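Observations on the model geometry
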Amino acid sequence: MLVHLQQYKHEEVQFDDNRTTGRSQTEDSVDKDAQAYFGESVEQMDVETWETVEYEGDPIQRRDVTLTGVTSVSVPDRPLEDEGDAPLPGTTVQVHVDGGIESLEQAVIVEVQDSEV
């Protein structure tokens, strides 16, 4: 299956009064390597750069994640993320790929396609 998600996180910059929605201004979030972010080999992920968007009046980071070779997708009843921060869109989404499970926190499912239907 092909799975397309949008993932969110809090912005990691010092804010000033001139902050606007658009591309992230932090180098570590613009050129984030997929393996460095997920901690293991994820060649099947097509990870885009983080983009700054506005959510409930505050700037947050969003990126599109496309996964191929997914065997199933699930959303746990109890999210795995820490709920101590201000709320973000999405929840934990688990994808089963090549016998393993990847958890993407603060993600929203955009599309799931099964080419073998």
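Right, let's walk through the structure included here. (Residues numbered from 1 in each chain as written. Predicted model: local features only at pLDDT ≥ 70, side-chain atom pairs only at ≥ 80, totals over all residues. Heavy atoms only, no water.)

**A closer look at a nonpolar patch on the surface**
Nonpolar side chains collect at one region of the surface, where Val75, Ile109 and Val112 lie side by side and expose about 220 Å² of accessible area between them. Relative to the assigned elements, Val112 resides in strand E8 (residues 100–113). Relative accessible area serves as the criterion here: at 40%, Val112 is assigned to the partly exposed category. (Patch = residues over 30% accessible without salt bridge, like charges linked within 9 Å, V, L, I, M, F, W, Y side chains within 5 Å. Areas by Shrake-Rupley, 256 points an atom, 1.4 Å probe, with all protein chains shown as cover. Salt bridge = Lys/Arg side-chain N within 4 Å of Asp/Glu carboxyl O. Helix = DSSP H or I, 4+ residues; strand = E, 2+ residues; numbered from the N terminus. Buried < 20%, exposed > 50% of the residue type's maximum accessible area, 1.4 Å probe, protein only.)

**A closer look at unusual backbone geometry**
We note that Glu56 has phi near 50°; this positive angle belongs to a residue other than glycine. By the element assignment, Glu56 lies in the loop between strand E4 (51–55) and strand E5 (58–68). A positive phi angle is found at Asp98, which is not glycine, with a value near 50°. As for its position among the elements, Asp98 is in the loop between strand E7 (91–97) and E8.

**Overview of the nonpolar core**
As a rule of thumb, nonpolar side chains are buried together in soluble globular proteins. Counting 10 residues, the largest nonpolar core is built from Val3, Leu5, Val65, Leu67, Val70, Val93, Val95, Val97, Leu104 and Ala107. Going through the elements one at a time, strand E1 (2–10), E5, E7 and E8 are the ones with two or more residues in this core. The element contributing the most residues to this core is E7, with 3 residues. Setting aside chain neighbours within four positions, we find Val70 in contact with Met1, Val3, Val95, His96 and Val97. (Core = buried A, V, L, I, M, F, W, Y, C linked by side-chain atoms within 4.5 Å. Contact = heavy atoms within 4.5 Å.)

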